[in-house]
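Letter by letter, the chains look like this.
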Amino acid sequence: MEFKNVHIKNFRNFEDVEVTLANKNAFFGLNDVGKSNFLSAFRFVFDKDVRRQNFFDSDYHCRNTNLPIEITLTIDISDLTCTDNQKLRAQLKGALLSSHQQVFIRLVAQYDYAELTGVPLLYWGGDINNLQEMKQRGYLYEIDYVMNVVYIDSYVDLQNLFKKNVSKLMKNDEEEDKNVLQEIKGVIGDLNEKIASLSGIKDFEAKVTPEYKKYRNDNISVSVKSEVAIKGLYSNLIPYVKRDDDTNLYPTAGDGRKKLLSYSLFDLIASEMSEKKITLFLIEEPENHLHRSMQIALSRIIFSDERYKYLFVATHSPFILYEMNFVNLVRIYNKTKVDSVSAFYKIPDAYESYKKILNRNLSEAIFADRVLLVEGPSEIMFFEKVLSVVNPFYEADGAYLLAANGIGFEKYFDILKGLGIKCIIKTDNDLRSSKKGYSVLGFFRCNKYTKDAKYKLPIKPVTSNSITDKITLYNNNQKKLDEIRKDFSLFLSKSDLENDLDEVIHDKLVVWLKKSDPVSYLQAAKHTNMVELLQYLDEKTCKEIYEHYNFACLKEVIKN
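Residues numbered from 1 in each chain as written. Predicted model: local features only at pLDDT ≥ 70, side-chain atom pairs only at ≥ 80, totals over all residues. Heavy atoms only, no water.

Going by an unreviewed UniProt entry, the protein carries the name ATP-dependent endonuclease of the OLD family and comes from Saccharibacillus kuerlensis.

## Here we look at the pairing of strand β13 (residues 278-284)
Test applied: Think of it in three bands: residues with accessible area under 20% of the maximum for their type are buried, residues over 50% are exposed, and the middle band is partly exposed, with areas taken using a 1.4 Å probe on protein chains only. Here a strand is any run of E in DSSP of at least two residues, a helix any run of H or I of at least four, and the numbering for each starts at the N terminus. Strands are labelled as partners when DSSP assigns at least two bridges between them.
Counting buried positions along β13 gives 7 out of 7 residues, so the element sits mostly inside the fold. Side chains of β13 alternate between two faces, with Ile-278, Leu-280, Leu-282 and Glu-284 and Thr-279, Phe-281 and Ile-283 buried alike. Pairing of strand β10 (residues 147-152) with β13, which is carried by 6 bridges, proceeds in the parallel orientation. Looking at the pairing, Met-147 lines up with Ile-278 of β13.

## Re the UniProt feature "domain: Endonuclease GajA/Old nuclease/RecF-like AAA" (unreviewed entry) in the protein
Note the following rule: UniProt positions are given in the numbering used here, feature names are shortened, and annotations may be inferred rather than shown by experiment.
Those places that UniProt annotates as "domain: Endonuclease GajA/Old nuclease/RecF-like AAA" (unreviewed entry) correspond, in this numbering, to residues 1-74 and 159-320. When the span residues 1-74 is considered, its composition is 22% helix and 38% strand, and the gap between its end C-alpha atoms is 11 Å.

## Comments concerning the pattern of salt bridges
What counts, and what does not: Here, a salt bridge means any Lys or Arg side-chain nitrogen found within 4 Å of an Asp or Glu carboxyl oxygen.
Tallied over the entire structure, the rule returns 25 salt bridges. Lys-508 is paired through a salt bridge with Glu-544; the nearest N and O atoms lie 3.5 Å apart. Of the two residues, Lys-508 is situated in helix α15 (residues 497-513) and Glu-544 in helix α18 (residues 539-547); the sequence distance between them amounts to 36 residues. A residue is classified by how much of its surface remains accessible, and Lys-508, at 27% relative accessible area, is partly exposed. The class for Glu-544 is partly exposed, based on a relative accessible area of 34%.

## Some details on the packing of aromatic side chains
The test is simple: Pairing of aromatic side chains requires ring centres within 6.5 Å, counting the rings of Phe and Tyr and the six-membered ring of Trp. Pairs whose planes differ by under 30 degrees are stacked, by over 60 edge-to-face, and all others tilted. In this scheme, the term charge over a ring applies when either NZ of a lysine or CZ of an arginine sits within 6 Å of the ring centre and within 35 degrees of the ring normal.
Within the structure shown, the criterion is met by 22 aromatic pairs. Linked through ring pairs, Phe-3, Phe-14, Phe-27, Phe-38, Phe-42, Phe-46, Tyr-310 and Phe-312 together constitute an aromatic cluster. Its end group placed over the ring of Tyr-151, Arg-43 keeps NZ or CZ at 3.5 Å from the ring centre. Just above the ring of Tyr-139 sits the side chain of Arg-52; from NZ or CZ to the centre is 3.7 Å.

## Examining helix α1 (residues 35-46)
This is how the line gets drawn: The span you would expect from a helix comes to 1.5 Å times its residue count less one.
With 12 residues, α1 extends 17 Å between its outermost C-alpha atoms, agreeing within 8% with the 16 Å of an ideal straight helix rising 1.5 Å per residue. When you tally the buried positions in α1, you get 11 out of 12 residues, the bulk of the element.

## Considerations on the sheet that holds strand β19 (residues 422-427)
Stated precisely, the cut-off is as follows: A fitted line through C-alpha atoms serves as each axis, taken over the contacting stretch for helices, and the angle formed by two N-to-C directions is quoted from 0 to 180°.
Judged by pairing direction, the sheet is parallel, and its 4 strands sit side by side in the order β18-β17-β19-β22 without closing on themselves. In the strand order of this sheet, the two ends are held by β18 (399-403) and β22 (490-492), each with one partner. Between one strand axis and the next, the sheet turns by 15° as a mean value, whatever way the strands run. The pairing of strand β17 (residues 370-374) with β19 spans 4 bridges and is parallel. Across the sheet, residue Arg-370 finds its bridge partner in β19, namely Lys-422.

## So, the packing of helix α10 (residues 377-390) against α15
The following threshold applies: Working rule for angles: under 35 degrees goes down as roughly parallel, over 145 as roughly antiparallel, 65 to 115 as roughly perpendicular, anything else as oblique. For this analysis, residues touch if any pair of their heavy atoms sits within 4.5 Å. Polar here means any residue other than Ala, Val, Leu, Ile, Met, Phe, Trp, Tyr, Cys and Pro, which are nonpolar, and Asp, Glu, Lys and Arg, which are charged; Gly is therefore polar.
Two elements in contact, α10 and α15, have axes whose closest approach is 11 Å; the angle formed by their N-to-C orientations is 30°. With respect to α15, the element α10 is oriented roughly parallel. Judged by residue contacts, Ser-378, Glu-379, Phe-382 and Phe-383 of α10 engage Leu-497, Glu-498 and Leu-501 from α15. Each residue belonging to the contact of α10 with α15 can be placed in one class, and the counts come to 4 nonpolar, 1 polar and 2 charged.

## Comments concerning the pairing of strand β5 (residues 102-112)
Across a regular strand the side chains alternate sides, sitting on one face of the sheet and then on the other. In this sheet, β5 lies alongside strand β4 (residues 69-76) in antiparallel orientation, the contact comprising 8 bridges. Of the residues in β5, the one forming a bridge with Leu-73 is Ile-105. For β5 and strand β6 (residues 117-125), the ladder comprises 9 bridges, and the chain directions are antiparallel. Paired with Asp-112 across the two strands is Thr-117, which belongs to β6.

## Thoughts on the sheet that holds β13
In a beta sheet, neighbouring strands pair by backbone hydrogen bonds and run either parallel or antiparallel. In space, the 6 strands of this open sheet follow the order β10-β13-β14-β3-β15-β16, with mixed pairing throughout. Only two strands of the sheet have a single neighbouring strand rather than two, namely β10 and β16 (338-345). Shown here is a sheet whose adjacent strand axes are inclined to one another by a mean of 15°, direction ignored. Relative to strand β14 (residues 311-314), strand β3 (residues 24-28) is paired through 4 bridges, and the arrangement is parallel.

## Describing unusual backbone geometry
Even without being a glycine, Phe-326 presents a positive backbone phi close to 55°. Locating Phe-326 in the fold gives a position in the loop between β14 and β15 (327-334). Not every positive phi belongs to a glycine, and Ser-489 is a case in point at roughly 55°. As for its position among the elements, Ser-489 is in the loop between α14 (478-488) and β22. The class for Ser-489 is buried, based on a relative accessible area of 4%.

## Here's the deal with the environment of Glu-285
Locating Glu-285 in the fold gives a position in the loop between β13 and α8 (292-304). Expressed as a C-alpha distance, the spacing of Glu-285 and Phe-413, which sit 128 residues apart in the sequence, is 26 Å. Not counting residues within four places of it along the chain, the set of residues in contact with Glu-285 comprises Ser-154, Lys-259, Ala-314 and His-316.

## Some words on the packing of α10 against α18
Geometrically, a packed helix pair is captured by the angle between its two axes and the distance between the axes. Contact pair α10 / α18: the axes reach a minimum separation of 9 Å and the direction vectors enclose 105°. What the angle tells us is that α10 and α18 run roughly perpendicular. Counted together, Phe-382, Lys-385, Val-386, Leu-387, Val-389 and Val-390 of α10 and Glu-539, Cys-542, Lys-543, Ile-545 and Tyr-546 of α18 form the full contact between these two elements. Per-class residue counts for the contact of α10 with α18 are 8 nonpolar, no polar and 3 charged.

## A few points about the nonpolar core
Using the following cut-off: Nonpolar cores are built from buried Ala, Val, Leu, Ile, Met, Phe, Trp, Tyr and Cys residues. Side-chain atoms within 4.5 Å join them into one set.
Counting residues in each nonpolar core, the largest one holds 60 residues, and the members touching the most others are Ile-283, Leu-329, Ile-366, Val-371, Leu-373 and Leu-416. The leading source of residues in this core is helix α11 (residues 409-418), at 5 residues. Discounting chain neighbours no more than four positions away, the residues touching Leu-373 are Leu-402, Phe-409, Tyr-412, Phe-413, Cys-423, Ile-424, Ile-425 and Lys-426.

## Considering helix α3 (residues 83-92)
Counting buried positions over the 10 residues of α3 gives 7, a clear majority of the element. Among the residues of α3, those classed as buried are Asp-84, Asn-85, Lys-87, Leu-88, Arg-89, Gln-91 and Leu-92. Looking at the packing, one finds that the buried side of α3 touches β4, β5, β6, β10 and β13. Lys-93 sits one or two residues past α3 and shows a positive phi near 50°.

Put into structure tokens, the structure is as follows:
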């Protein structure tokens, strides 16, 4: 079973949104753009407890109750060997032909002005133009017998969760349990007898009987009986924690610990239902109350554990995405209206060993509106310094700097572009030794991104790799390179970061670094010597760098 698509119309802040899905989906975006509402759309379709509440007029986009709410999901069920597909096909019965490869599930809620509510109706089938209305028993639809929703909100209540599901999690099926239950019954009987024998109770009986007989002497006496009983064996059970090296029990205090224990319970509940139903996990802001390390640990579970096969998670935290792979990233944003876009993210096999680097860099970048992709940490340090002076709030304004660190721009560029995030690339004008001289690696890189004959740069090898030759090569093609800047936000250095900077503030570099050749000094130990340089960069110099042609990429990344 594979989720393919969702189309939402006239629901809350979504006027008309269609998004590609996968079996694991991460929804992200700024506050108040609709992440929770996106999850709610799935809950209305699949969660009977939410659906039975019906829709209020406020659930209709801009309270437009003249149009119905429509939520349509497309699911691929072409794999006949998949047990989940078999469960779904068995429940669909006549609504699905054996030749159908997809199932469409649609919720429609027309507003009823007499009842002041919108009652959801569900339809499904293999032909989107000829869907059948689902049969209903009470408030249960046919889909409720095959789909099980586990919704985990950001402030899950451990005690209520435990009490609600304790009977599902603890079953007394063993033969010896019968003897234990009988023993419990005897113990309770003894307890009641001991309570009834207390002197206070006997004294009360002796006093109240004569008082009663004043009103009616009918040969009876008043007796008090204890009826202590266990209303459900587990009604008073409370989860505690015990350290491995300690026999004492400790309360599950602390929101972080409670949340992790709650996830453990949800996992067990899902396992109990797995044979009968298909379980969907809908998780909202799992990062709440969890330290960074615990968020990363949770990321490893929800993106790797087989129980989370069908996952829809809304998050603000990059740490929750650290272990993602085979995940559909759905960015929800609001410019002129709330909209969304998705892109499927899979770590290429060749980059599997770089998984942590890829994910950590990317998981932070996808929360931005504009990303400047650079080659390494020295560029990051330098550009962060300049931007922090020119615009101290550049990150809050949606700009982010990301270093490829030798992995390659395209791995980040493709996914960010797919999510509608503006990418600006700053890369060196590299030359590489070859049999025919020096290949123009920087030009090759530009051609790879532009993919248009109009912008194609010459790729004939050059005879030397000196700085002068690099700058000459750049100057001879500057008109086309400027067009590439304008149309693709791709900024090729005349040579490299250090030489570009030397052109702008050579005299200052000589004085600050006390070196006649500051470029060689900076390149000799990039990280260490760049840190030394940054302490000298004052406001005037930073603005001078920011305004220079060589560093126009900085204006582009903070431009709204």
